Amino acid sequence: MTETSDPESGFLEQLGQRVRTMRALRGMSRKVLAKVSGISERYIAQLESGKGNVSIVLLRRVSNAMGAHLEDLIPTADPAPDWPVIRDLLRKATPSQIAQAKDLLAGHGASAHRASFSGIALIGLRGAGKSTLGKILAKKLGWNFVELNKEIEAQNGLSVAEIIALYGQEGFRRMEQTALNQLLARKELMVLATGGGIVSEPLTFDLILSSFYTIWLKAEPEEHMGRVRKQGDLRPMADDRSAMLELRNILVSREPLYARASAIVDTAGLSVDAAAARLIDTVRPVLQNEARSFGLRSVAV
């Protein structure tokens, strides 16, 4: 490999890594991505391994020659005219400045931390026990238990699978955010079980983190797969011989995002009763603190 080819090889390798990570965040196997995109599985494998089409490198050379960013050459739907300025300011901003800007854009005000407390949100892969443990916790607290995916289905009159088939991942994520905003508008305390891939949508996940005390229900990959198989649901990895490998890749890609939760409850090797007891122990001090901060009725757990 020559010295001049190193930067381009590195670029293709980084691009491949980003494609792999994004695919795993979306919970898609290569087979599913190939089917949805209309691109061969073989080419996707080449792209992910850092051997993407040379035209990608040529486009990068053009942007570099003009002193532009690669994304500036990619057409988007009516970008904001000030976006290049905002993007460059963000690249130079300190973490504190970014946090203030995010709060301001979200309508919270520069110094706001959280406008209200909406309850407990459970995140994690399918098979983590979000529904089973969430129902137990909600009954213990006397709160409503809500599954976000079921809310999406009820509001749109379609199953999640049908929504994705008709409107794609982007359409589903829009409906997910709408359903979450409508839930929050009720101003009711709840235990919310989210879909495993909600962390792949930054704005929606940030809304979860800012509105709920969020708990990552964590287990070993083999336990996730075993529980999902018992449910008879391998979506979106059905008919994929490498389902276990794909699940591990999804978990690795999502772990840094799941880790943003306020707490982690590891259910590995635990019975349902033991896992529920651990979850209740985790939320007990939180609810006492929230009762003081927001004037909520004290809940005995």
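Residues numbered from 1 in each chain as written. Predicted model: local features only at pLDDT ≥ 70, side-chain atom pairs only at ≥ 80, totals over all residues. Heavy atoms only, no water.

Caption draft 1: Fine view of the pattern of salt bridges. A complete count under the given rule lists 11 salt bridges for this structure. Residues R186 and E151 are paired through a salt bridge, measuring 3.0 Å at the closest nitrogen-oxygen approach. Of this pair, R186 sits in the loop between α9 (160-185) and β3 (190-193) while E151 sits in helix α8 (residues 148-156), and the two are 35 residues apart along the sequence. Assessed through its relative accessible area of 41%, R186 is described here as partly exposed. In this structure E151 comes out as buried when scored by relative accessible area, which is 18%. (Salt bridge = Lys/Arg side-chain N within 4 Å of Asp/Glu carboxyl O. Helix = DSSP H or I, 4+ residues; strand = E, 2+ residues; numbered from the N terminus. Buried < 20%, exposed > 50% of the residue type's maximum accessible area, 1.4 Å probe, protein only.)

Caption draft 2: Fine view of the layout of surface pockets. Quantified by volume, the second largest pocket comes out at close to 500 Å³. As for the second largest pocket, its lining consists of F11, Q14, L15, R18, V19, T21, M22, L59, L70, E71 and I74. Tallied by class, the residues present in the lining of the second largest pocket amount to 7 nonpolar, 2 polar and 2 charged. (1 Å grid on protein atoms, 1.4 Å probe; cavity = no way out; pocket = protein on both sides within 12 Å on 5 of 7 lines; lining within 4 Å. Points joined across faces, edges and corners; volume = space filled by probe spheres on them. Nonpolar A, V, L, I, M, F, W, Y, C, P; charged D, E, K, R; others polar.)

Caption draft 3: Representation of the pairing of strand β4 (residues 213-218) in the model. Counted residue by residue, β4 has 5 buried out of 6 residues, so it is predominantly covered. One ladder, built from 4 bridges, connects strand β1 (residues 119-123) with β4; its direction is parallel. The residue of β4 that forms the bridge with I123 is W216. Here β4 runs beside strand β5 (residues 263-266); their pairing, made up of 4 bridges, is parallel. Within β5, the residue paired with K218 across the bridge is D266. (Pairing = 2+ DSSP bridges.)

Caption draft 4: Seen up close, the confidence of the model for the protein. The predicted model of the protein has a mean per-residue pLDDT of 82, with 86% of residues at 70 or higher. Of all secondary-structure elements in the protein, the lowest mean pLDDT belongs to helix α11 (residues 221-231), at 75, while β3 reaches the highest, 97. Note on residues 110-114: pLDDT under 50 across the span, and 8 contacts to partners over four residues away in sequence or across chains. (pLDDT = per-residue confidence, 0-100. Contact = heavy atoms within 4.5 Å.)

Caption draft 5: Region of the structure containing the sheet that holds β4. Strand order in this open sheet of 5 strands is β2-β3-β1-β4-β5, and the pairing throughout is parallel. Each end of this open sheet is capped by a strand with a single partner; those strands are β2 (144-147) and β5. Along the sheet, successive strands turn relative to each other by an average axial angle of 25°, direction set aside. Inspection of the sheet shows β2 paired to β3 by 4 bridges, in the parallel sense. Note on β3: the bridge partner recorded for V146 is L192. (Axes fitted to C-alpha atoms, helices over the stretch in contact; angles between N-to-C directions.)

Caption draft 6: Quick look at the packing of aromatic side chains. Scanning the model with the defined rule gives 2 aromatic pairs in all. Residues F117 and W143 carry aromatic rings whose centres are separated by 6.4 Å and whose planes lie at 70° to one another, so their mutual orientation is edge-to-face. With F117 in the loop between α6 (95-105) and β1 and W143 in the loop between α7 (130-141) and β2, the pair connects residues that are 26 residues apart, well separated along the chain. A single burial state applies to F117 and to W143, both of which are buried. (Phe/Tyr/Trp six-rings, centres within 6.5 Å; stacked < 30°, edge-to-face > 60°.)

Caption draft 7: Summary view of the packing of helix α1 (residues 6-25) against helix α12 (residues 243-258). For the pair α1 and α12, the least separation of the axes is 8 Å and the interaxial angle reads 95°. As the angle between them shows, α1 and α12 are arranged roughly perpendicular. Along its contact with α1, which presents T21, R23, A24 and L25, the element α12 presents E246, N249, I250, S253, R254 and L257. Across the contact of α1 with α12, the residue classes break down as 4 nonpolar, 3 polar and 3 charged. (Parallel < 35°, antiparallel > 145°, perpendicular 65-115°, else oblique.)

Caption draft 8: Representation of the environment of E147 within the structure. With respect to the element layout, E147 can be found in strand β2. In this structure E147 comes out as buried when scored by relative accessible area, which is 19%. As a C-alpha pair, E147 and L122 span 25 residues in sequence and 9.8 Å in three-dimensional space. When neighbours within four sequence positions are excluded, E147 is seen to be in contact with S131, K135 and A193.

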